[in-house]
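Here are the chains, one letter per residue:
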Amino acid sequence: MNDFSIIDGIAHITDPALYETWLDREDYKAAVAQAETPERTALKRLLVDFEADLARMVRDGTVEENVVDVMKRYIVEDYIQHDPNAPGNGLDNLIEHFRHVPTGHGTPPPVVNVVLEGDLACVMMKAPTPDPVSPDKTYDWYILTVFRVRDGKLAEHWSAFRKMAAPLPGN
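Everything numeric in this text was worked out from a predicted model, so none of it was measured. (Residues numbered from 1 in each chain as written. Predicted model: local features only at pLDDT ≥ 70, side-chain atom pairs only at ≥ 80, totals over all residues. Heavy atoms only, no water.)

J.: Is there a simple way to think about the packing of helix 2 (residues 26-33) against helix 3 (residues 38-60) in this case?
T.: Packed helices, taken two at a time, are described by the angle between their axes plus the distance between the axes. Where helix 2 contacts helix 3, the two axes come as close as 8 Å, and the packing angle between them is 140°. In this view, helix 2 runs oblique relative to helix 3, as classed from their interaxial angle. Seen along the crossing, helix 2 lies across helix 3 with a hand that is right-handed. Residues E26, K29, A30, V32 and A33 of helix 2 form the contact with helix 3, whose participating residues are T41, K44, R45, V48, D49, A52 and R56. Looking at the contact of helix 2 with helix 3, its residues break down into five nonpolar, one polar and six charged. (Axes fitted to C-alpha atoms, helices over the stretch in contact; angles between N-to-C directions. Helix = DSSP H or I, 4+ residues; strand = E, 2+ residues; numbered from the N terminus. Parallel < 35°, antiparallel > 145°, perpendicular 65-115°, else oblique. Left-handed = near helix turned anticlockwise from the far one by under 90°. Contact = heavy atoms within 4.5 Å. Nonpolar A, V, L, I, M, F, W, Y, C, P; charged D, E, K, R; others polar.)

Quick look at the structure:
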């Protein structure tokens, strides 16, 4: 673990290469999912694995080939969606929405923390991002998303995204 450490439950990445390889690193995903009980570790791991599988499809450009299997593995049929850019509720709508996610822009940011409260899980991801004020610098952009978990699958989702002027095709 020379390229990251877990401090107060949050992954601190010290090697920038980990931003590209995190989703294939079992040691990293296990460390981020570590909790005080096996049940809570399993719940956190569900979220880490879901985000890693989504990121892998985007990175590898394999959304069309894998989206149905990945979504069925993690999402309930009557999924509730609160993202204003998504086409509606239900597993089928989520699959169709994800078919239009842009690929070919590198690896999506790593999960650095999962906070659990009852059946809710908040996933925190982090991406070094170009600073618009100082173009020669970056800042840490944190992305938060919340899921409700039911029977070992994701049942509801909230995001911090604003509605886009031009939604993804199919929405």
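Read on for the rest.
J.: Whenever I open this one, the sheet that holds strand 3 (residues 75-81) confuses me. Can you help?
T.: By way of backbone hydrogen bonds, the strands of a sheet pair with one another, either parallel or antiparallel. The sheet built from five strands is open, its strands ordered 3-7-6-5-4 with mixed pairing. Among the strands making up the open sheet, the edge pair consists of strand 3 and strand 4 (111-117). Direction aside, the axes of adjacent strands within the sheet are offset by 25° on average. Direction of pairing for strand 4 relative to strand 5 (residues 120-130): antiparallel, over a ladder of six bridges. Residue pairing for strand 5: N113 is matched across the bridge by M124. Across the sheet, helix 3 touches strand 3, strand 4, strand 5, strand 6 (138-150) and strand 7 (153-159), and the angle it forms with strand 4 is around 135°. (Pairing = 2+ DSSP bridges.)

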